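For reference, the chains in residue letters:
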Amino acid sequence: MAAQPLSSTDTFIFVVLGASGDLAKKKIYPTLWQLYRHELSPKKTFFVGYARSDLTVSELRRKAEPFLKHSDDEKSRLDSFWEACSYVKGSYDQAKGFEDLNAAMEKIESQHVKGAARAHRLFYLALPPSVFEPVTANIRAHCFGKKGWNRVIVEKPFGKDSASSAALSKHLSSVFAEEEMYRIDHYLGKEMVQNLLILRFANNIFGPIWNRNYIASVVISFKEPFGTQGRGGYFDEFGIIRDVMQNHLLQILCLTAMEKPCTKSAEDLRDEKVKVLKCIDPFNMADVVLGQYVGDPEGTGDAKLGYLDDPTVPKGSVTPTFAAAVAFLKNERWDGVPFIIRAGKALNERKTEIRIQFHDVPGDIFEGQAQRNELVIRVQPNESIYVKMMLKKPGMSFSPVESELDLTYHSRYKDTRLPDAYERLLLDVFYGSQSHFVRTDELAEAWRIFTPMLHSIEREKRKPLQYKYGSRGPPEFDKLCAKFGYKYTGTYEWSKPEKK
Ligand code: NDP
Ligand code: BG6
C-alpha cells in the first residue's frame, strides 16, 4: 500500500502493549515523544499504555522520562505529551483487559471524533514472543476499531527457525491482513540503509558497475564494542546469527543486491527483495566462522568479563557472539561474487558498513601500486559514503597514492537532524507505508537460508572460537575474507579533515 495523506481532523490512538517494559521505556515512548515534539505525528494523537503492572501515567512518566530527550524550555510541551497519554492495566491472555482497553479507546474517541472524522488505531507489541499469539488474537477480537483503519506493529524475534516462524506467520495471517501488519526491522529505518535505494537507482554512475564484472566482493559488517551486559538470558536463546544476521544484515544485503523495482511502491520493492533471497542457497558450513568473547585480563570494566562470566548466561554455553558466513547469489548480476556477512559483539569498535571491493585494474601500468577501489557505505556511527581510490600523489611526484572521495554526513549536512530509525518507521505506520517493513514471504525466505546453518550449529553443539573482548574478533574471519578474494593491504591511511 502506498503512503496515504493524514487527515488533520482524524483521531489516532497509539497503543503500547508492554508499556511497563524496557523496550517501551527506552525506545517506544522516547520515539513517540520525538514525533510529538517535532510535530510529526498527527495533532489528534493519543497514546495508551497497556501492561499487567499496576501503574499510573505519572509512574510511567518517571520510568521513561530519563530517556526522553528535551531541553529545559520544553517542559510544558513534555507535560502536554504526557497529558495525551493514558494507561490501562490488564493481562495478556484474558479478554477482560482487552475489553477495558477498548473501552478506554472508545472513551477517547467519543470525546474527540467529530462529524465525519475517522478514528484510527495503532498497536505496538513491545512484548516477549511468548505472548504474541494471545495478545494478537485478543487485539483482533476486542480492540479493532470500526471508525478507521487498524495497524499492528510487531517486533522481532519472528520465530527461531523456518518452522516456528511459519507457525507465527500462520497465526498472524489468521488474525490480520498483510496490510495491517508491520513487522519491524529497525535497520530498515536507518538513514544509510534507506539511502541505498536512492544511491543505487537515482544515479547513473553506479548502475553499470554494480555487478560481477566490476565487483570482486561485498563485505557487510556489524560490530559492537560491548557484550551482552546482563541481557545474556535473552541473547543466549538466540545468538548473534538470529539477533543480527538473519534480519538486519540480510536486509542490507537485499537492498545492496536487488534489481531496480518497477516503482518505489512497497510491494514492488519487497518483490525485488524476495527475488534476491530466492537466489541464495543455505550457507556452506565449511565457510562459517563462529566466535565467543572471553574477558581481557588487561581490559577495564566490562572488558574483563567474557560472555560466560555474565551471570544470566547458562554455564558452558556455546552460543556465538560473533559469526561470519558467505552468501552467493545465483543470478546473472552476482554469480560468483561473495557476500561476506559478519556480526559480532564485544569487538574493537562500533561500526556497521557495506564494503564493496572492486576488481584489480586490468592491464596495470603502475607496477602493482594501484590498490583496489572500495566503495564504503558506513551506516553507523558517523554516516558516510567514501570511495577509496588512487590519485597522483599531489606535488612533484608522479606516482599513485591511495586517497578517497569522501561524503561525510556530519560535514556535508551539518544542520540536518538525522532521526532515529524508530521515528521514521513509526511515522511510516501512521502513513500506511509498508516499504520499510518485512513481508511474510520475505521472512520465510530469510529463514529458509538461515535455518540449516542454525540447526547444524545446534545439532553439533559447534564450539565457537574464543576472541578477546575489545579485539577485532577471531583471526579466522580475515582468513575467510582472504579465501573469498577480499584483498586487505593495510596501506590505506585516512587523515581526518580538520574541524572548521
Ligand atoms: P582500511 O583499508 O584501513 O580497512 C579496510 C578493511 O580491512 C576494514 O574493513 C577493516 O575492517 C579490515 N581490516 C583491518 N585490519 C585488517 C587486517 N589486519 N586484516 C584484514 N582486514 C583488516 O580502510 P577503511 O576503509 O577501514 O578506512 C580506515 C579508517 O579511515 C577507518 O577508520 C575509516 O572509518 C576511516 N575513514 C573515514 C572516512 C569518513 O569518516 N568519511 C572516510 C575514509 C576513511 P575490520 O577491522 O572491521 O575487520
Ligand atoms: C538489535 C539487537 O536488534 O539491534 C541488539 O537485538 C543490537 O543485540 C541492536 O545491539 C543494534 O542496533 P543499533 O541500532 O544500535 O545498531
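Residues numbered from 1 in each chain as written. Chains lettered and ligands numbered in written order. Predicted model: local features only at pLDDT ≥ 70, side-chain atom pairs only at ≥ 80, totals over all residues. Heavy atoms only, no water.

Peer 1: Would you mind going over the site of ligand 2 with me for this structure?
Peer 2: In the vicinity of ligand 2, the contacting residues are Lys156, His186, Tyr187, Lys190, Phe222, Glu224, Arg231, Asp243, His248, Lys345, Arg350 and Gln380. In this structure, His186 approaches ligand 2 through a side-chain N or O atom, which is 2.8 Å from an oxygen atom. In the model, an oxygen atom of ligand 2 is placed 2.7 Å from a nitrogen or oxygen of the Gln380 side chain. When ligand 2 sits alone it has 390 Å² of accessible area, and the protein chains cover 80% of it. (Near = heavy atom within 4 Å. Polar contact = N/O pair within 3.5 Å; in protein donor to acceptor, adjacent residues only side chain to side chain. Areas by Shrake-Rupley, 256 points an atom, 1.4 Å probe, with all protein chains shown as cover.)

Peer 1: Explain the nonpolar core here, please?
Peer 2: One broad trend across soluble globular proteins is that nonpolar side chains are buried collectively. Phe14, Leu17 and Tyr29 are the most contacted members of the largest nonpolar core, which has 145 residues in total. Here this core gets twelve residues from one element, more than from any other, and that element is helix H8 (residues 232-257). (Core = buried A, V, L, I, M, F, W, Y, C linked by side-chain atoms within 4.5 Å. Buried < 20%, exposed > 50% of the residue type's maximum accessible area, 1.4 Å probe, protein only. Helix = DSSP H or I, 4+ residues; strand = E, 2+ residues; numbered from the N terminus.)

Peer 1: Whenever I open this one, the pattern of salt bridges confuses me. Can you help?
Peer 2: Two side chains that carry opposite charge are able to pair once their charged atoms sit near each other. One pass over the structure, following the stated rule, counts 33 salt bridges. Between Arg61 and Asp79 there is a salt bridge; the shortest N-O distance is 2.8 Å. Of this pair, Arg61 sits in helix H2 (residues 57-64) while Asp79 sits in helix H3 (residues 75-83), and the two are 18 residues apart along the sequence. The salt bridge partner of Arg333 is Glu259, with a shortest N-O separation of 2.8 Å. A residue pair is termed long-range when its members are at least 10 positions apart, and Arg333 in the loop between strand E9 (322-327) and strand E10 (339-344) and Glu259 in the loop between H8 and helix H9 (266-278) qualify at 74 residues. Ionic contacts of the salt-bridge type, sharing partners, join the residues Lys223, Glu349, Lys351, Glu353, Arg355, Glu374 and Lys388 into one network. (Salt bridge = Lys/Arg side-chain N within 4 Å of Asp/Glu carboxyl O.)

Peer 1: Would you mind showing me how to read the packing of H9 against helix H12 (residues 440-460) here?
Peer 2: The packing of two helices is summarised by the inter-axis angle and the distance between the axes. Running from amino to carboxyl end, H9 crosses H12 at an angle of 15°, the nearest separation of the two axes being 9 Å. Comparing their axes, H12 and H9 come out roughly parallel. Remark: the crossing between H9 and H12 carries left-handed chirality. For the pair formed by H9 and H12, the contact residues are Arg270, Lys273, Val274, Leu277 and Lys278 on the first element and Asp441, Glu442, Glu445, Ala446, Arg448 and Ile449 on the second. Classifying every residue of the contact of H9 with H12 gives four nonpolar, no polar and seven charged. (Axes fitted to C-alpha atoms, helices over the stretch in contact; angles between N-to-C directions. Parallel < 35°, antiparallel > 145°, perpendicular 65-115°, else oblique. Left-handed = near helix turned anticlockwise from the far one by under 90°. Contact = heavy atoms within 4.5 Å. Nonpolar A, V, L, I, M, F, W, Y, C, P; charged D, E, K, R; others polar.)

Peer 1: Where do I start with the sheet that holds strand E14 (residues 400-408) in this structure?
Peer 2: Strand order in the open sheet made by the nine strands is E14-E13-E12-E11-E7-E10-E9-E8-E15, with mixed pairing throughout. Two strands close off the open sheet at either side, each with one partner strand: E14 and strand E15 (465-468). With strand direction ignored, the average angle separating the axes of adjacent strands in the sheet is 20°. In this sheet, strand E11 (residues 351-358) lies alongside strand E7 (residues 215-223) in antiparallel orientation, the contact comprising eight bridges. Residue pairing in the sheet places Lys223 in a bridge with Lys351 of E11. Most of the contacts of helix H7 (residues 191-201) go to strand E12 (residues 374-380), to which it runs at about 140°, and overall it touches E11, E12 and strand E13 (384-392). (Pairing = 2+ DSSP bridges.)

Peer 1: What is the right way to look at the sheet that holds strand E5 (residues 150-154) in this model?
Peer 2: Note: strands within a sheet are paired through backbone hydrogen bonds, in either parallel or antiparallel orientation. The strand order across the open sheet built from six strands is E3-E2-E1-E4-E5-E6, with neighbouring strands paired in parallel fashion. With partners counted over all chains shown, the strands left at the sheet margins are strand E3 (85-89) and strand E6 (181-183), one partner each. In this sheet, neighbouring strand axes are inclined to one another by 20° on average, regardless of whether the strands run parallel or antiparallel. Examined bridge by bridge, strand E2 (residues 45-51) and E3 share five bridges and lie parallel to one another. Following the sheet pairing, Gly49 is matched in E3 by Tyr87.

Peer 1: Looking at this structure, I do not really get the site of ligand 1. What am I missing?
Peer 2: Near ligand 1, the surroundings consist of 18 residues, among which Lys223, Arg378, Asp406, Thr408 and Arg472 are the closest. Taking Arg342, its side chain carries an N or O atom lying 3.0 Å from an oxygen atom of ligand 1. Between ligand 1 and Asp478, the relevant distance is 3.5 Å, taken from a nitrogen atom to a side-chain nitrogen or oxygen of the residue. For ligand 1, whose unbound accessible area comes to 890 Å², protein coverage reaches 77%. Elements with a minimum of two residues in the shell around ligand 1: E11, E13 and E14. Grouping the constituent residues of the shell around ligand 1 by class yields five nonpolar, two polar and eleven charged.

Peer 1: Got a minute to help me understand the environment of Glu349 in this structure?
Peer 2: Here Glu349 lies in the loop between E10 and E11. Judged by its relative accessible area of 28%, Glu349 falls in the partly exposed class. For Glu349 and Glu133, which are 216 residues apart along the polypeptide, the C-alpha to C-alpha distance reads 38 Å. Not counting the four nearest positions on each side in its chain, Glu349 is found in contact with Lys223, Glu224 and Pro225. Among the polar contacts made by the side chain of Glu349, one reaches the side chain of Lys223 at a distance of 2.7 Å. There is a polar contact of 3.4 Å between the side chain of Glu349 and the side chain of Lys351.

Peer 1: Looking at this structure, I do not really get a nonpolar patch on the surface. What am I missing?
Peer 2: On the surface, Ile365, Phe366 and Phe398 cluster together into a nonpolar patch covering about 370 Å² of accessible area. For Phe398, the location among the structural elements is in the loop between E13 and E14. (Patch = residues over 30% accessible without salt bridge, like charges linked within 9 Å, V, L, I, M, F, W, Y side chains within 5 Å.)

Peer 1: What is the right way to read the pairing of E9 from this model?
Peer 2: Residues in a regular strand point their side chains to alternate faces of the sheet. Most of E9 sits inside the fold, with six of its six residues counted as buried. Here strand E8 (residues 289-294) runs beside E9; their pairing, made up of three bridges, is antiparallel. When the bridges of E9 are listed, Gly291 appears paired with Phe322. Pairing between E9 and E10: six bridges, direction antiparallel. Bridge pairing in E10 links Val326 to Ile340.

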